[in-house]
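# Coordinate analysis (summary)
Chain by chain, the residues:
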Amino acid sequence: SSAHAALEAIGDTHVTRGLFRMIPRIMLKGEGLYATFSDGRRMLDFTSGIGVTSLGHCHPRVSRAAAEQCMKVVHAQCSIAYHEPYLQLIERLLPIMPDKSLDSFFFWNSGSEAIEAAIKIARTYTRRQNIICMQGGYHGRTYGAMAVTRSKTIYSQGVFPLMSGTYVMPFPYWHQMGLPRDTPEEVLVEQCLYQLDLVLTQQTSPQDTAGILIEPVLGEGGYVPAPAALLKGIRERCDKYGTIMIVDEVQSGFARTGKYFAIEHSGVVPDVMTIAKGLANGFPLSGVVSRKEITDKLSPGSMGGTYAGNAVACAAAVAVADVMRETDILSNVNARAEQLYTGLNTLAADPAIAPYVLEVRGKGLMAAIEFVRSGDDSDTALKGMQVPNSPKGIAPRIAIRCIKKGMLILTTSVYETIRFIPALTVSEVEMAEAIEIFSAAVREEIA
Ligand code: PMP
């Protein structure tokens, strides 16, 4: 309509250029796996707002819980008084934590803020300064979070200096390590742990190292699951040196990978865990979970924030937890993930497509397919190996083809990678539709 066109013109002129936007349209209505836009198109949404609307757009129980809370208390302010949903949320989260030891909660608004809080907790508890993070890791755009973000330069370009005291170890992702694609996982993990030991010997001594921060599935860095052996190796070193192991479950948490938290696939128990995104199905809410023994070292007032743990957002999160439990969301995630990987592997095995595919990977509904960067010699073990800037070849072109065919989809990392991160409520029919659209887009691009 002309009213929408006029609004879009305001967007084009007056919304900061600092934002990237996939489509210059207004999302008018979201319902489950679908969203309707101002150009009249109804699109299959395989982005879920970057892994946020995990129960689908506007899940009726979540939206209703939020609306009802709106009529009771919208803002109680966490430093002034408790509100009911804050405490009910803790009650819901305690039984699904990866371990009983994780029993102390603090809620904030965004994933970045949760990371800032996690770093503060690690520094306060250990009375040490330095943080070791992963190459390819993404933790947010505030200053502390940017300092531990190593997935792309675009986030911090031109705005240094960042928070100091951050060190980087490699993550076991063959491409980023410059190793052949068929390098055995044990070798990748061994290399990374060796480099971690060198960081602790050559760069920041254990006595100066407050924490090691890792995503159990590298998210913005390419959807690469951390092998259990790596997480165990990090845990061992944290135990040995009294270093805090911080696991960032902002993207991988809340059933996304087929378990409530991705760290559970490894059996490793972190000291601090950050949560957000799927936690509240679109309401701004994040959290830091730790042990009471650790957070008892914090001074009252050192944590907080005007909007931290907002009552409406917490009420939504309580409903999310209830729906996930009652509908056995984990079963659907695992069934739909199997359907997705079968579809992607079938496509990748097609002799016409195979030369363009490097890898299908992921965990649960955090799935990705990496393509060969155009111009690469696809016959070498190191195909696709170039120092890239960001994907600007085949992956974004396929994503654009998907959008033209009616499906929203995202790329990830600096390599030519497409990611699949639909709502966890995705049905068998919707998943089949996504695989069909994606396969058609790939065939069209490669033909
Ligand atoms: N950590 C991870 C693993 C993330 O994926 C993100 C967001 N993509 C963040 C932190 C930052 O969260 P937010 O955008 O809510 O600040």
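Quick summary incoming for the structure in this document. (Residues numbered from 1 in each chain as written. Predicted model: local features only at pLDDT ≥ 70, side-chain atom pairs only at ≥ 80, totals over all residues. Heavy atoms only, no water.)

## Focus: the packing of helix 11 (residues 329-349) against helix 13 (residues 428-446)
Working note: a packed helix pair is described by the angle between its axes plus the distance between those axes. Defined as follows: The angle between two axes is taken between their N-to-C directions and runs from 0 to 180 degrees, where each axis is a line fitted to C-alpha atoms and a helix contributes only its stretch in contact. In this description a helix means any DSSP run of H or I spanning at least four residues, a strand means any run of E spanning at least two, and both kinds are numbered starting from the N terminus. Here the angle decides the label: under 35 degrees means roughly parallel, over 145 means roughly antiparallel, 65 to 115 means roughly perpendicular, and every other value means oblique. In a left-handed crossing the near helix is turned counterclockwise from the far helix by less than a right angle, and in a right-handed crossing that turn is clockwise. Here a residue-residue contact requires only that any non-hydrogen atoms of the pair lie within 4.5 Å. Polar here means any residue other than Ala, Val, Leu, Ile, Met, Phe, Trp, Tyr, Cys and Pro, which are nonpolar, and Asp, Glu, Lys and Arg, which are charged; Gly is therefore polar.
The interhelical angle for the contact between helix 11 and helix 13, taken along N-to-C directions, is 20 degrees, at an axis separation of 10 Å. Judged on the interaxial angle alone, helix 13 and helix 11 are roughly parallel. Of the two elements, helix 11 crosses helix 13, and the hand of that crossing is right-handed. Every residue of helix 13 that contacts helix 11 at R336, Q339, L340, G343, L344 and L347 is listed here: E428, M431, A432, I435, F438, S439, V442 and R443. Grouping the constituent residues of the contact of helix 11 with helix 13 by class yields eight nonpolar, three polar and three charged.

## Here's the deal with the site of the ligand
Keep this limit in mind: Throughout this document, a residue counts as near a molecule or strand when at least one of its heavy atoms sits within 4 Å of that molecule or strand. Between N or O atoms, a polar contact is any pair within 3.5 Å; within protein, one atom must be a potential hydrogen donor and the other a potential acceptor, and residues adjacent in sequence are included only when both atoms are from side chains. Areas reported as accessible are Shrake-Rupley estimates using a 1.4 Å probe. Residue values count occlusion only from the protein chains shown.
If you check the shell around the ligand, you find S110, G111, S112, Y138, H139, G140, E215, E220, D248, V250, Q251 and K277 and nothing else. A distance of 2.6 Å is found between a nitrogen atom of the ligand and a side-chain nitrogen or oxygen belonging to D248. At 3.1 Å from a nitrogen atom of the ligand is found a side-chain nitrogen or oxygen belonging to K277. Taking 390 Å² as the accessible area of the ligand by itself, protein coverage stands at 83%. In terms of residue class, the shell around the ligand is built from two nonpolar, six polar and four charged.

## Focus on unusual backbone geometry
Of note, the bond from F160 into P161 is cis; its omega dihedral lies within 30 degrees of zero at 5 degrees. By the element assignment, P161 lies in the loop between helix 6 (143-147) and strand 6 (166-169). Positive phi, normally seen in glycine, also occurs at I50, with a value near 60 degrees. Considering the arrangement of structural elements, one finds I50 in helix 2 (residues 48-51). In this model, R127 sits at a positive phi of 55 degrees, which is unusual for a non-glycine residue. Summarising the element assignment, R127 is placed in the loop between helix 5 (111-126) and strand 5 (130-134).

## Some remarks on the packing of aromatic side chains
What counts here: Two rings from Phe, Tyr or Trp (for Trp, the six-membered ring) form a pair when their centres are within 6.5 Å of each other. A pair whose planes differ by under 30 degrees is stacked, one over 60 is edge-to-face, and the rest are tilted. Here the term buried applies to any residue with accessible area under 20% of the maximum for its type, exposed to any over 50%, and partly exposed to those in between, with areas from a 1.4 Å probe on protein chains only. By definition here, charges over rings are those cases where NZ of Lys or CZ of Arg is within 6 Å of the ring centre and within 35 degrees of the ring normal.
Considering all chains together, one arrives at 10 aromatic pairs under this definition. Both rings, one in Y138 and one in Y155, keep their centres 4.9 Å apart while their planes meet at 70 degrees; by these two values the pair is edge-to-face. Of the two residues, Y138 sits in the loop between strand 5 and helix 6 while Y155 sits in the loop between helix 6 and strand 6, which places them 17 residues apart along the sequence. Take Y138 and Y155: they sit in the same class, and that class is buried. On the numbers, 4.9 Å between centres and 80 degrees between planes, the contact of F420 with F438 is edge-to-face. Of this pair, F420 sits in strand 17 (residues 417-420) while F438 sits in helix 13, placing them 18 residues apart in sequence. Taken individually, F420 and F438 each receive the classification buried, so the pair is uniform in this respect. Taken together, the ring pairs connect F46, F371, F420 and F438 into an aromatic cluster. Between the NZ or CZ atom of R42 and the centre of the ring of Y34, over which it lies, the distance is 4.1 Å.

Taken by themselves, the reported measurements are silent on function.
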